[in-house]
Amino acid sequence: MEAKPFNLARTLVEVDDIVRIQAEQSGLQLYTDHDDVPDADLLGSALYLKKILVNLYSNAIKYNKPGGSITTRLREVSRTADTAVYAFTIRDTGIGMTQDFIDNHLFEAFSQEDNAARSQYGGTGLGMSIVSQLVQKMNGTITVESTVGEGSCFTVTLPFAIDHDPPAAGPEKEASTDLHGKRLLVVEDNELNMEIAEFMLKSAGAEVVKAFDGESAVHAFAADPAGCDAILMDLMMPVMDGYAAARAIRASGQPRAGTVPIIAMSANAYAEDVKKCLDSGMNAHISKPLFKDVMLRTIARFV
């Protein structure tokens, strides 16, 4: 478990950016109620929190009804001098679940209530198993209410340490997009896309190491793990795709294998795609075509 500084409001905006486009393209309305929660600078794992919420949203979108909605509520459950506890509630108007499935199978890996669900809705059935494990790691709880044919409501309650000395924001953050002295591994099988990414990164001062497939990326990281500040990872590649490469790097046992930032690059920006990246051990996702300001801001969050 990491205990890094993060701002709760900014993290929720990042999650909203991930899921809103897919929800709107699915004909769903998103409603949020966060107004009574104070702006909070916290210590903890923003990555784990995003994984939990993106998995929950992905299911709420996938199993919803045409013209349905997803309502999110955030409330502060309690606060002491050093700790704050938050409850994240996501309610959908989808197909719902039986109580027997919730009690006995919901959090099992590869579990979907209807045998036809995997072909009709897609997915592996891993999402809720991942959510349950992450909530436990974060010393939180998850509760579920559902009615078949009417929808489901998930409430995740998580404690966080309060950051009494948060990092400065504003101009200092913008200046951090200067990548002089940073060494980045770019993994991309398309030569034109590689050239574009390399130009953008070098113009910001970075040193670029190139790999044209996932297997080469794993070897390149192993050759100099301490010298790699971040990895930009394409997803669809020959030999080994980006998901497998990210998992291989995380499991390699090399120094910094568990902490080096891995940022996915993909034309697929649906919540399901972003969820798959996070579940593979990546830290963030940027969409293609690449825009220099977005790419540099994303990298700056991690290096």
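Preceding block: the structure.
Residues numbered from 1 in each chain as written. Predicted model: local features only at pLDDT ≥ 70, side-chain atom pairs only at ≥ 80, totals over all residues. Heavy atoms only, no water.

1. Remarks on the overall build of the protein
Applied cut-off: The secondary structure listing takes helices from DSSP runs of H or I that are at least 4 residues long and strands from runs of E that are at least 2 residues long, numbered from the N terminus. Between buried and exposed lies partly exposed: a residue is buried under 20% and exposed over 50% of the maximum accessible area for its type, with that area taken using a 1.4 Å probe on protein chains only. By definition, residues are in contact when any of their heavy atoms lie within 4.5 Å. Here the accessible surface of atoms and residues is derived via Shrake-Rupley with a 1.4 Å probe, and residues count as covered only by protein chains that are part of the display. In this tally Asp and Glu are treated as negative and Lys and Arg as positive; neither His nor the chain ends contributes. Every charge is mapped onto a representative atom, which is NZ of Lys, CZ of Arg, CG of Asp or CD of Glu.
When helices and strands are tallied, the protein shows 11 helices and 12 strands. By residue count, 48% of the 303 residues in the protein fall in the buried class. When contacts within the protein are restricted to residue pairs at least 6 apart in sequence, those whose partners lie at least 24 apart make up 70%. Total accessible area computed for the protein in this model is approximately 14500 Å², and 51% of it derives from carbon and sulfur atoms. Here the protein carries 27 positive and 41 negative side-chain charges, and the mean point of each set is 2 Å from the other.

2. Notes on the sheet that holds strand β9 (residues 207–211)
Rule in force here: Here, a strand pair is defined by DSSP locating no fewer than two bridges between the strands. Note on geometry: axes are lines fitted to C-alpha atoms, helical ones only across the stretch in contact, with angles between N-to-C directions running from 0 to 180 degrees.
Read across the open sheet, the 5 strands follow the order β9-β8-β10-β11-β12; overall the sheet is parallel. Lying at the two open borders of the sheet, with one neighbouring strand each, are β9 and β12 (284–287). The average undirected angle you get between the axes of adjacent strands in this sheet is 25 degrees. When strand β8 (residues 183–187) meets β9, the two strands line up parallel, connected through 5 bridges. Following the sheet pairing, valine 187 is matched in β9 by alanine 211. Taken strand by strand, helix α8 (residues 214–223) contacts β8, β9 and β10 (230–234), and its axis lies near 160 degrees from that of β8. Along the sheet, helix α9 (residues 242–250) makes contact with β10 and β11 (262–266), crossing β10 at roughly 150 degrees.

3. So, the nonpolar core
Formally: Working definition of a nonpolar core: buried Ala, Val, Leu, Ile, Met, Phe, Trp, Tyr and Cys residues. They are joined through side-chain atoms within 4.5 Å.
Formed by 46 residues in total, the largest nonpolar core has its most connected members in Leu8, Ile52, Tyr86, Phe88, Leu158 and Phe160. If you list the elements that add at least two residues to this core, you get α1 (8–25), α2 (46–62), β4 (69–79), β5 (83–92), α3 (99–104), α5 (127–137), β7 (151–162) and α10 (271–279). With 21 residues, the next largest nonpolar core counts Ala217, Ile231, Ile249 and Cys277 among its residues.

4. Some thoughts on unusual backbone geometry
Note on backbone geometry: most residues besides glycine have negative phi, and most peptide bonds are trans. One non-glycine residue with positive phi stands out, namely valine 239, at about 70 degrees. Its place among the elements puts valine 239 in the loop between β10 and α9. Even without being a glycine, arginine 256 presents a positive backbone phi close to 70 degrees. Structurally, arginine 256 is set in the loop between α9 and β11.

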